[in-house]
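Understanding the architecture of this molecule
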Amino acid sequence: MEGVIAQATEKTTAAVRNWGEPVGFVVMLAALVVAPFFVYPLFLMQALCFALFASAFNLLIGYVGLLSFGHALYFGWASYITAYVAKTWGLTPELAILTGVLAAGVLGLVAGSLAIRRQGIYFAMVTLALAQMMYFFALQAKFTGGEDGIQGVPRGKLFGLISLASSEAMYIFVVAVFLAAFLLIYRIIHSPFGEVLKAIRENEARAISLGYKTERYKLAAFVLSAGLAGLAGGTKAIVMQIASLTDVNWPMSGEVVLMTLVGGLGTIFGPAVGAFIIVTMQFSLAQIGEWVSVIQGGIFVTCVLLFRRGVVGEIAHLLRIRL
Amino acid sequence: MFEIFGIPSSALFGQLLIGLINGSFYALLSLGLAVIFGMLNIINFTHGAQYMLGAFAAFLLLQLTGINYWLALIVAPIIVGIIGIVIERVFLQWLYKLDHLYGLLLTFGLALIIEGVTRNYYGSAGLPYQVPEALQGGRNLGFMFLPNYRAWVVAFSLVVCFGTWFVIERTKLGAYLRAATENPTLVRAFGINVPRMITLTYGFGVGLAALAGVMAAPIYNVSPQMGSELIIVVFAVVVIGGMGSIMGAILTGFGLGVVEGLTKVFFPEASNTVIFVIMAIVLLVRPAGLFGRRA
């Protein structure tokens, strides 16, 4: 495992200039302000939810070196729980999403403590299998509505005061959620805790010998990643007003891997960029039906063989900055 | 016919038989995954798609050239195995020095491509494949009705599984293979063409998956998504058994098939999830898997 993902990301050396991240952040903010004047807002909000989902996923693969192939579990189940409590219990959107995040965190704690008992490739298989199990639960459980999903989820009033029915209000809310989570992830990566995570990614045996209880760090990162994936799923349920089986099934787990890979594993902006690329592709190619999955497969193959740094990783490499 | 725990014996043994059949597919697929992982250090996510290709090859051979089931049993795995060899030469050989996860991602992408293309041409609905004439019908055993074809699948799978075990564990070729898994550089220094062995191993593992696909064609309909549903369960089987032992893979595969069949009788709601639940329990009790060695 050790050091291999580091090949795909930029090494932090003295030569690396650090103007990349602030500039990237300003560009991203500007894009978020300008975009709604040019692009269909519902599309933007959905893409932002996926951008958050991919960033949460990247926290694990990019910074701990753990490939979870079952992240749809947290995204999808949070969206079910959020949709259910918003619709049936009539909770306000922020409380509904919070419930979804908590549920995803608990699921992440359970699945994570099982998955970290195996390393490497087994870790990926365990996470995939556990996610598939929870997919069958979602399919059979009464409250999820089976094939129909939970439809007609109310957007409700934020804090019971501000209606989110209009696209403008909803967009501002989604941007706020995205930015808050993005900054949290940034903070986690650059904290002492994040440094230990990177040490585990580079050489777990060495981290253990330095006295770190790596299993606890891995589990903590897993729960954080699951919870943030849940934040994305819950927000998506409120935005799209539906929770369905698509979000909890294995192709969704594959899609979030694809987004992160295209954008750049282990880069802070990569997953968000990758999410916008993939969601745009799905929107513009919607009429060719099944070929979308063939094209996605093709992108996977191309990225792995020729393009392991991803879009943002390539840019960072060319400019010798950290992004 | 009689009853056991209030269940008619025909239902109980019928599900047990289906369990054995699914178990033989689990065994054949996890066997292939284990052999491939040993040599290539890649978890072959395309395995499910290659199982599906085996079924489609049998279907197309019959439709287009009139080649019957018995010939398809040989020809289809060879065709799919050759496709596998091409995949190994074109794509996989560049990944051996990289992290495992890239192999998983690449083969996942290939699976998406193969499944997507098949679905574009043949749709999602299943295509029927006739049981070969010689194996139609069945016999009444007193406690159950045994369809001839299903008995054949279980028996033939057992033969193939143990044949594979024999070749790997008891022949000179198998000794080379095990040695190359352990230490490829050293084996190469002895003048054995390890890269060619790797290629052929992949072709062989993929061929096993295709063979399972041909056998599955008359039981389940031939459909593009038949593989992706199976491969995730097979991953759980591999986690439960561990990939260290050939016999372990065979026993785990058949055993879990039977457990799944019994669950269908006594607690049908859990039949989809029982293998995943067992996986979770095994991870708690024996994290290295039933037959796995501690890393």
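Since the model is a prediction, treat every value here as computed from it, not as a measurement.

Attention now moves to a nonpolar patch on the surface. All names here are of chain A. Together, Val33, Val34, Phe37, Phe38, Val39, Tyr40 and Phe283 give the surface a local cluster of nonpolar side chains, amounting to about 790 Å² of exposed area. Looking at the secondary structure, you find Tyr40 in the loop between helix H2 (20–34) and helix H3 (41–61). We classify Tyr40 as exposed; its relative accessible area is 56%.

Let us look at the packing of aromatic side chains. Remark: the centre distance and the inter-plane angle together describe each pair of aromatic rings, the angle taken between the planes. With the rule as written, the count across this model stands at 32 aromatic pairs over all chains. Here A:Tyr74 and A:Phe222 contribute two aromatic rings whose centre-to-centre distance is 5.9 Å and whose plane-to-plane angle is 90 degrees, an arrangement assigned as edge-to-face. Here A:Phe222 lies in helix H10 (residues 214–240) and A:Tyr74 lies in helix H4 (residues 72–87), a separation of 148 residues in the sequence. For the ring pair B:Phe56 and B:Phe59, a centre distance of 6.5 Å and an interplane angle of 75 degrees mean the geometry is edge-to-face. In this pair, B:Phe56 and B:Phe59 both sit in helix H2 (residues 47–65), three residues apart, roughly one turn of the helix. No difference in accessibility class separates B:Phe56 from B:Phe59, as the two residues are buried. An aromatic cluster is present here, built from A:Phe69, A:Trp250, A:Phe300, B:Phe45, B:Phe108 and B:Phe235 joined pairwise through their rings. The side chain of A:Arg308 reaches across the aromatic face of B:Tyr102, ending 5.7 Å from its centre.

Residue-level pLDDT values for chain A average 90, and 95% of them are 70 or greater. pLDDT under 50 marks residues 6–11 of chain A. Its contacts with residues more than four places away, or in other chains, come to 13 contacts.

On to the confidence of the model for chain B, then. Residue and element names in this part refer to chain B. Summarising the model, chain B shows a mean pLDDT of 91, and 99% of its residues fall at 70 or more. Ranking the helices and strands of chain B by mean pLDDT puts helix H3 (residues 69–90) first, with 96, and strand S1 (residues 3–4) last, with 73. For this predicted complex, the interface confidence comes out at an ipTM of 0.91, alongside a pTM of 0.91.

Residue and element names in this part refer to chain A. Although it is not a glycine, Phe159 adopts a positive phi angle of roughly 55 degrees. Structurally, Phe159 is set in the loop between strand S2 (157–158) and strand S3 (162–163). Looking at Phe159, the relative accessible area reads 55%, which means it is exposed. Phi at Gln241 is positive, roughly 60 degrees, even though this residue is not glycine. By the element assignment, Gln241 lies in the loop between H10 and strand S4 (242–243). Judged by its relative accessible area of 33%, Gln241 falls in the partly exposed class.

Cut-offs and rules
Residues numbered from 1 in each chain as written. Chains lettered and ligands numbered in written order. Predicted model: local features only at pLDDT ≥ 70, side-chain atom pairs only at ≥ 80, totals over all residues. Heavy atoms only, no water. Patch = residues over 30% accessible without salt bridge, like charges linked within 9 Å, V, L, I, M, F, W, Y side chains within 5 Å. Areas by Shrake-Rupley, 256 points an atom, 1.4 Å probe, with all protein chains shown as cover. Salt bridge = Lys/Arg side-chain N within 4 Å of Asp/Glu carboxyl O. Helix = DSSP H or I, 4+ residues; strand = E, 2+ residues; numbered from the N terminus. Buried < 20%, exposed > 50% of the residue type's maximum accessible area, 1.4 Å probe, protein only. Phe/Tyr/Trp six-rings, centres within 6.5 Å; stacked < 30°, edge-to-face > 60°. Lys NZ or Arg CZ within 6 Å of the ring centre and 35° of its normal. pLDDT = per-residue confidence, 0-100. Contact = heavy atoms within 4.5 Å.

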